[in-house]
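As a plain string of letters, each chain reads:
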Amino acid sequence: MTTATLSPQAQAKQTLAWNMKLISHNELAGFGGIGEGINMQVAKDGRRILWLAHESAPKNFTAVDVTDPKNPQVIVQTDLPHEGVRSNSLDVVGDVMAVAYQTKKTGDKPAGMDLFDISTPEKPKLVSHFDASGPHSRGAHCVWFVDGEYAHLTSGSADFEPTHPNDFQFYRIIDVRNPSKPVEAGRWWYPGTHKGDSAPPPPRHPRFDGGYRPHNVNVYPERPDRAYVAYLDGGALILDISDKSKPKMITNWRYSPPFNGFCHTVMPLLGRDLLIVTDECTKDDGIDWPKLGWVVNASVETNLVPVSTLPLPPPENFTKRGGRYGAHNLHENLPGPASFRSNTMVVGTFFNGGVRAFDTSNPYQPQEIAYFVPGAPELSPKGAIQINDVWVDEKGLVYAVDRFAGGLYIIEMTP
Amino acid sequence: MLDALSGKFPVSVVTGFLGSGKTTLINRLLKRPDMNRVAVIVNELGEQAIDNDLIETSSEQMMLLNNGCLCCVLRGDLQETLRDLFVKRRNGVVIDFNRVIIETTGLADPAPVMQTLMTDDMLQAHYRLDCVVTLVDAVNGLGQLETMQEPVKQAALADRIVITKSDLASNEKINKLESRLRELNPQAPVKRALNGEIELAFLIDVGLRDTRAKLADIERWLGVGTHEGADGHVHRHDQSIRSFSLRFDQPFTWETFSQCVEVLTSMRGPDLLRVKGLVNLEGRPGPVVVQGVQHLFHPPVELAGWPSADRATRIVFITRGIERRTVEQLFGAVIALSGQRDAQKASRSG
């Protein structure tokens, strides 16, 4: 007898698609584990180069020529100096690329940010290194760099001692107007997380102490005075950065507990007074479910109100397939010549839930409009796909990456 | 935003009187390599039902066929089964099917099946009717059409008609049957199958797949009869089924068009077997696709643009006893009334 219900393993092997179609797949020369940095350079010769930061050593970053998206070609792949560091995040403005470096252990190096000249994409040239190492620092986890002038880092520093070992990163604004000499322009940390603060240390999450660290900081040219910050267990924040030397908190939406922490991204839907806030699922097998994408009414900045969540398939099936299942990264509507921008359509990654697109025209009832869940990659250590990050180009092509083995999936939204 | 049609799963309804060979045809289709991600919904799993060599016996409601397709036995209502299929597909617990085939029972009226796809919000968001395929047995078909209502309605509602068992009947008999079928439903192309073999392209992708449909797609969907005769009228004998197409050169307002449809369905809904067409709406860049089965209409879908210079509204009607003239007069009256209303509005505001 052949039952129609597939086993969890068979489910993980199956590719699921709705309104999305795979047009090519590249395993990135056998190093198919990608972190949270994707951006596209339109090179001077017209080529479209996708830059990808690896999730962990040994590789640093990979550039893929996607001018013909049906036939992506790896044109450069670089190595990290040692196993104790990872790049994880990068951003590109013109021919300049910023790469964040985070170490496994505090005190280790290189920790901080590199700036590269990528005018010849095959030969990235190091312009400068911004050192963020220190006795309590693990360097930088994420970089946001969209205007060519300031890099927004979530990073530690030599002079920052946290009140709790999990709180080793804070928000740093780095002036890179002179790319060969980046300097800090301002910083902000969650009150109570820095030794010597007058505020008491914030309460730890009772079940999952993810820490009080900023994960992503999003700053858009349309709102240069605002930083949208996801602060892990501290929730979502909006900072006033009109004076970059003195960021000020405007609002903080804290929702964990009762939820399970690890606020990952706060992305404004510009012009609509809405935020999309994503958590990061950090545990396998559904242990930290629910990890959601939230639609938040931000019409009164000082009173953020969640109004819905992005609809996901039920965890019962996906949490049994292997690895993580839940929210993570978004296509963040980056500025840039080749980036897709929408204040209604949201595209996000959900680990073994693949890449999924939503229409938020009605913020109270967002609709799922497309998804693509690749079958488990050949060498997946989790036995299932773990789509980690996504970037969408101005033509609507979706570039999704696996965290461990699958590499790059280029997907067309149909039609 | 995504296309209003392209994300919907195509649904083929295979109908035909008892013994017309529906199961044989479906089995043949499923053996094709490009039909390996199909969900088939059948009414029963008896000896005559979907092939014994394809299915291993099971007491479950859903089974995996040997070719990888999914087979569901309809236990409750079709609405529930289709909803359940969509949810299970999204959850990834069944195969990632890309097409649904529904096999109706021999005595079934296909209209309610078609209506289910049009009226249930969730179903019409995720599925689209691709094709109603009606099978007619070459040996017994003619007699069945003379003596029974079900086969007549099955043929009248069809997008495609397949004459089965054509090796068992004389050419003369088949020709007679064919001309009777063309009378009943001149829009639906008719082909003969031998041992259930028929070219796949004849049966699939008949409905509009996306809103950028080309002229050929639209003609394929509307059917061959739309060009017959200068006035679109097909000569009829004494049988009750009527088939005709109407053209309107002036664009409609949505209000006027929907009023025409409302009046027609409220007066003669049960006899309005099938309506499909393109409507030119004032101020809209593309035509609006309308389709109805008896008193129920699918929510209108606007195409991205007109496929040719011809921007006339064209609507195909298959009716039971409603004459072309009646529909024409009714549309004419509603259009005249709305014209008067518009004129009154204009004079009041002026």
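Residues numbered from 1 in each chain as written. Chains lettered and ligands numbered in written order. Predicted model: local features only at pLDDT ≥ 70, side-chain atom pairs only at ≥ 80, totals over all residues.

**Concerning the overall build of chain A**
1) Next: In terms of regular secondary structure, chain A is built from 2 helices and 28 strands.
2) Next: For 415 residues, the compact-globule estimate of 2.2 N^0.38 gives 22 Å, and chain A sits close to it at 20 Å.
3) Next: The C-alpha extent of chain A, read off along each of the three principal axes, is 70 × 50 × 40 Å.
4) Next: Split into buried and exposed, the 415 residues of chain A put 54% on the buried side.
5) Next: The contacts of chain A with a sequence gap of at least 6 include a subset with a gap of at least 24, amounting to 57%. (Helix = DSSP H or I, 4+ residues; strand = E, 2+ residues; numbered from the N terminus. Rg over C-alpha atoms; globule rule 2.2 N^0.38 Å. Buried ≥ 20, exposed ≤ 12 C-beta atoms within 10 Å, placed from the backbone. Contact = placed C-beta atoms within 7 Å.)

**Regarding the sheet that holds strand 11 (residues 140-144) of chain A**
Residues and elements named next belong to chain A.
1) Next: In spatial order, the strands read 11-12-13-14; together these 4 strands make up an open sheet with antiparallel pairing. Each having just a single partner strand, strand 11 and strand 14 (183-188) make up the two edges of the open sheet. Between one strand axis and the next, the sheet turns through 25 degrees on average, direction left out of account.
2) Next: Pairing of strand 11 with strand 12 (residues 150-155), which is carried by 4 bridges, proceeds in the antiparallel orientation. Each bridged residue has a counterpart across the sheet, and for Trp144 the counterpart in strand 12 is His152. (Pairing = 2+ DSSP bridges. Axes fitted to C-alpha atoms, helices over the stretch in contact; angles between N-to-C directions.)

**Thoughts on the interface of chain A and chain B**
1) Next: If you look at the interface, chain A gives 23 residues, while chain B gives 20 residues.
2) Next: Only strand 1 (16-18) and strand 25 (367-373) of chain A provide two or more residues apiece to the side of chain A that touches chain B.
3) Next: Residues that form the side of chain A that touches chain B fall into these classes: 13 nonpolar, 9 polar and 1 charged. (Nonpolar A, V, L, I, M, F, W, Y, C, P; charged D, E, K, R; others polar.)

**Some remarks on the confidence of the model for chain B**
All names here are of chain B.
1) Next: On average, chain B scores 87 in pLDDT, and the residues at 70 or more come to 90%.
2) Next: This model gives residues 51-59 a pLDDT under 50, and the stretch forms 16 contacts once residues within four places in sequence are excluded.
3) Next: In the predicted structure, residues 226-233 sits below a pLDDT of 50 and forms 14 contacts with residues beyond four places in sequence or in another chain.
4) Next: Across the interfaces of the predicted complex, the ipTM metric reaches 0.88, alongside a pTM of 0.91. (pLDDT = per-residue confidence, 0-100.)

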